[in-house]
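Examination of the molecular architecture
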2 protein chains.
Amino acid sequence: MTRILLHRADGKTDAWVKDFARCMPDAEVEIWRAGEPVAPYDYAVVWSPPEAMLADLAKVKAIFLTGAGADGLLKFGDALPPNVPIIRLGDAGMGVQMAEYVAHAVLRYFRRFDEYEAQARAGQWLPLPQHPKEDFSIGVLGMGVLGTRVLEALAPFGFPLRGWSRTEKTLPGVQCYHGADGLDTFLRGSRVLVCMLPLTPDTSNLVDRSNMSKLPAGAYLINVARGAHVAEPDLLTLIKSGHIAAATLDVFRNEPLPSQHPFWQEPRITITPHISALTLRRESVQQIVEKIGRLNKGEAVDGVVDRTQGY
Amino acid sequence: MTRILLHRADGKTDAWVKDFARCMPDAEVEIWRAGEPVAPYDYAVVWSPPEAMLADLAKVKAIFLTGAGADGLLKFGDALPPNVPIIRLGDAGMGVQMAEYVAHAVLRYFRRFDEYEAQARAGQWLPLPQHPKEDFSIGVLGMGVLGTRVLEALAPFGFPLRGWSRTEKTLPGVQCYHGADGLDTFLRGSRVLVCMLPLTPDTSNLVDRSNMSKLPAGAYLINVARGAHVAEPDLLTLIKSGHIAAATLDVFRNEPLPSQHPFWQEPRITITPHISALTLRRESVQQIVEKIGRLNKGEAVDGVVDRTQGY
């Protein structure tokens, strides 16, 4: 029997328990609750666990993360149990959702649908000149599983595609840049900047005034990673100056975005409530069960987080 | 020397003349003007020619159309010169534009971005349940060059794809239906109906109350073909009843859409000013020049319009 300790930040655990029961009938799943004693468990499955859970996480063989990033756990730093492997999900249905979100935003800006909507609300019939596609390069920051999936979905539309990653990567049809040295060139040629980075000390605030100023004039920003990647006041300044034409943001420093936040008042900023990619429960449970099977047999699994790199 | 008679409905002929000069230096291009005598010409290149031009079209070896449909010429019926071949362009850059337009509209409805935009305008942060993708089948009416291109661009997003055509066709990954017999089944399973048909007497008003009622409740309509395909009052009725959740329309019975038209007042109808696919001049001229070369050598060319079928 495998014992699993489950935590969901939203408290919605019933459907997860049912999915585990279906995929792994011999597993015993317990919901973690603050202040209640915890029996010995084999594995923990968590989403943004509270600090109070850390002591219990020290006792498991591995911790499975069910969100797209590891930052919600790694933020605890040295307070984390040092020797327990932390395991990310692979795509788990998030890649295609990110592709949907990003493709929609890119096409909306490229074909000026935001402007057509504003015109239609005013009862205006006015064809606008099209952006030349050769000037509409899409630059994806972060070429992990999700960034790669987004680039693949954009390929049929014929945009010039660029990607940047910390370490060198190659992807067919994509102009690839890497490391600190490659960042400037990457930014200077990216008309649309798509942030899909993991959040680490190195990437926090990466999209700041200095880096956004390197984008071509009239650039667009799409952020589907973490709010902390973007210096929010800098973005507002560059939008007001016109250097950034518009931004689509799914993530923010504080979520829900506070009602007093100036982004709400800026029509060139499109706000969505952190919905670009939801963890798909069934796919996630299947992946975790498959990985537990391998771990129980002493085999290696994909997705083990490198704590020094932060992802 | 090849003599070409040129007509553009918008009167913007200079750039076309220059492109012909570059692609076919030995051609002589003359602009057609009402009431002016016309010398003998080899070929005509037209976009929605006026009735007054028909007599001159009788004297050429072939008529090239530069728009996406043949309806703007075939509407003259028996007044057309009977023996002059009418030649459509192939894709000429329109396919990818249609794909951009349709993919944007599909993703916007699937991911509820229209609702998120309305929420954001009201300062609301509220994640909405996602539509299950298996229920979000995309049905493309018309599987010609453009319809096929649109289906191919939608493939990476994993929607169930369906297509309907007058005659039997097959396309990998697409559930194909054809003819009058196949239409009902096609409609009953299409959550999003994308109209990409040629306009012919058979397809005029095809998207009427009876056919739209066969779509699943909460269906979406996207029309990038011709306004006359859709019975506009029927669409309004079905949107008000909720059977059609929303529509994105690029084409209308009367264009520009008259300012008194009720569509302007219906927030569930998205209006764009006939911009889904512009004829790309350079690509078009290259194609026409290539086809003229073949015709001059007595060879066959693609895209000859079948007048009895209307496309």
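Residues numbered from 1 in each chain as written. Chains lettered and ligands numbered in written order. Predicted model: local features only at pLDDT ≥ 70, side-chain atom pairs only at ≥ 80, totals over all residues. Heavy atoms only, no water.

This part is about the nonpolar core. Counting residues in each nonpolar core, the largest one holds 74 residues, and the members touching the most others are Ile138, Phe159 and Ile222 of chain A together with Ile138, Phe159 and Ile222 of chain B. If we skip the residues at most four places from it in the chain, Phe159 of chain B touches Val106, Leu107, Phe110, Lys133, Phe136, Ile138 and Leu154 of chain B. (Core = buried A, V, L, I, M, F, W, Y, C linked by side-chain atoms within 4.5 Å. Buried < 20%, exposed > 50% of the residue type's maximum accessible area, 1.4 Å probe, protein only. Contact = heavy atoms within 4.5 Å.)

On to the pattern of salt bridges. This model, assessed by the stated rule, comprises 30 salt bridges over all chains. Residue Asp19 of chain A pairs with Arg281 of chain A through a salt bridge whose shortest N-O separation is 2.7 Å. One end of the pair, Asp19 of chain A, is in helix H1 (residues 14-23); the other, Arg281 of chain A, is in helix H10 (residues 281-296), with 262 residues separating them in the sequence. With relative accessibility at 1%, the residue Asp19 of chain A sits in the buried group. As a salt-bridge pair, Lys61 of chain B and Asp42 of chain B come within 3.6 Å of each other at their nearest N and O atoms. Taken together, the residues span a long stretch of sequence, with Lys61 of chain B in the loop between helix H2 (54-57) and strand S4 (62-65) and Asp42 of chain B in the loop between strand S2 (27-31) and strand S3 (43-46) at a distance of 19 residues. (Salt bridge = Lys/Arg side-chain N within 4 Å of Asp/Glu carboxyl O. Helix = DSSP H or I, 4+ residues; strand = E, 2+ residues; numbered from the N terminus.)

Okay, the interface of chain B and chain A next. Contacts between the two partners involve 40 residues from chain B and, on the opposite side, 40 residues from chain A. Roughly 3600 Å² is buried in total at the junction of chain B and chain A, and carbon and sulfur atoms are behind 68% of that figure. When the buried surface of chain B facing chain A is broken down by residue, Glu100, His104 and Trp125 of chain B rank first, second and third, together holding 22% of it. Remark: the boundary between chain B and chain A carries six salt bridges. (Buried area = accessible area lost by both parts, 1.4 Å probe.)

Residue and element names in this part refer to chain A. Going residue by residue along strand S3 (residues 43-46), you find Tyr43 and Val45 tucked away on one face and Ala44 and Val46 tucked away on the opposite face as well. For strand S1 (residues 2-6) and S3, the ladder comprises three bridges, and the chain directions are parallel. Within the sheet, the bridge partner assigned to Leu6 lies in S3 and is Val45. Of the strand pairs in this sheet, S3 and strand S4 (residues 62-65) are connected by four bridges, and their pairing is parallel. (Pairing = 2+ DSSP bridges.)

Our next topic: the environment of Leu257 of chain B. Structurally, Leu257 of chain B can be placed in the loop between strand S11 (244-249) and strand S12 (269-271). Sequence separation of Leu257 of chain B and Asp42 of chain B is 215 residues, and the distance between their C-alpha atoms is 37 Å. When neighbours within four sequence positions are excluded, Leu257 of chain B is seen to be in contact with Trp125 of chain A together with Phe252, Phe263, Trp264 and Ile271 of chain B.

Before going further, it helps to spend a moment on the relation of the copies chain B and chain A. For the pair chain B and chain A, the best superposition has an RMSD of 0.1 Å and corresponds to a rotation of 180° with a translation of 0.0 Å parallel to the axis. Interpreted geometrically, this transformation is the action of a two-fold axis. For chain B, the smallest separation between a C-alpha atom and the rotation axis is recorded for His104 of chain B, amounting to 2.6 Å. Of the residues that chain B buries at the interface, 100% are likewise interface residues in chain A, meaning the two copies contact each other through the same surface. (Least-squares fit on C-alpha atoms with pLDDT ≥ 70 in both.)

Further remarks concern the side chain of Ser137 of chain B. For Ser137 of chain B, the location among the structural elements is in the loop between helix H5 (113-121) and strand S6 (138-141). Sequence-distant contacts of Ser137 of chain B, that is, excluding residues within four places in its chain, are made with Pro160, Arg162, Gly189, Ser190, Arg191 and Val192 of chain B.

Residue and element names in this part refer to chain B. Among the residues of helix H1 (residues 14-23), those classed as buried are Trp16, Asp19 and Phe20. Projected down its long axis, H1 shows its buried positions confined to an angular sector of 100°, all on one face. Summarising the geometry of H1, the exposed residues directed more than 90 degrees from the buried face are Asp14, Lys18 and Arg22. Buried residues along H1 sit in contact with strand S1 (2-6), S2, S3 and helix H10 (281-296). (Arc of directions from axis to C-beta.)

Residue and element names in this part refer to chain A. Looking at the assigned domains, one finds that chain A contains domain 1 (3-92 + 279-296) and domain 2 (94-271). On a C-alpha basis, the centres of domain 1 and domain 2 stand 32 Å from each other. Summed over both sides, the interface of domain 1 with domain 2 buries roughly 730 Å², with 52% coming from carbon and sulfur. Ranking the residues of domain 1 by area buried against domain 2 places Ala68, Asp71 and Asp91 at the top, with a combined share of 67%. Run the count over domain 1 and domain 2 and you get one salt bridge. The salt bridge involving Asp71 is made with Arg226; its shortest N-O contact spans 2.7 Å. The tally of links from domain 1 across to domain 2 stands at three residue pairs in polar contact (both at pLDDT 80 or more). A breakdown of the residues in the side of domain 1 that touches domain 2 according to their chemical character gives three nonpolar, four polar and two charged. (Domains from an automatic or database assignment. Polar contact = N/O pair within 3.5 Å; in protein donor to acceptor, adjacent residues only side chain to side chain. Nonpolar A, V, L, I, M, F, W, Y, C, P; charged D, E, K, R; others polar.)

Residues and elements named next belong to chain A. For the coordinates displayed, the defined rule picks out 20 aromatic pairs over all chains. Aromatic rings pair up to connect Tyr109, Phe110, Phe136, Phe159 and Tyr220 into one cluster. Taking NZ or CZ as reference, Lys133 lies 5.1 Å from the ring centre of Phe159, over its face. (Phe/Tyr/Trp six-rings, centres within 6.5 Å; stacked < 30°, edge-to-face > 60°. Lys NZ or Arg CZ within 6 Å of the ring centre and 35° of its normal.)

Moving on, we come to the packing of H1 of chain A against H10 of chain A. Residues and elements named next belong to chain A. Viewed as axis vectors pointing N to C, H1 and H10 meet at an angle of 45°, and their least axial separation amounts to 10 Å. Comparing the axis directions of H1 and H10 gives the class oblique. Crossing handedness for the pair H1 and H10: right-handed. Here Ala15, Trp16, Asp19, Phe20, Arg22 and Cys23 of H1 lie close against H10, whose contacting residues are Arg281, Arg282, Ser284, Val285, Gln286, Ile288 and Val289. Classifying every residue of the contact of H1 with H10 gives seven nonpolar, two polar and four charged. (Axes fitted to C-alpha atoms, helices over the stretch in contact; angles between N-to-C directions. Parallel < 35°, antiparallel > 145°, perpendicular 65-115°, else oblique. Left-handed = near helix turned anticlockwise from the far one by under 90°.)

This part takes up the state of the cysteines. Residue and element names in this part refer to chain B. In the structure shown here, the tally under the stated rule is zero disulfides over all chains. Cys195 takes part in no disulfide bond, and the closest cysteine sulfur to it belongs to Cys176, at a distance of 17 Å. Using a relative accessible area of 0% as the deciding quantity, one classes Cys195 as buried. (Disulfide = S-S within 2.5 Å.)

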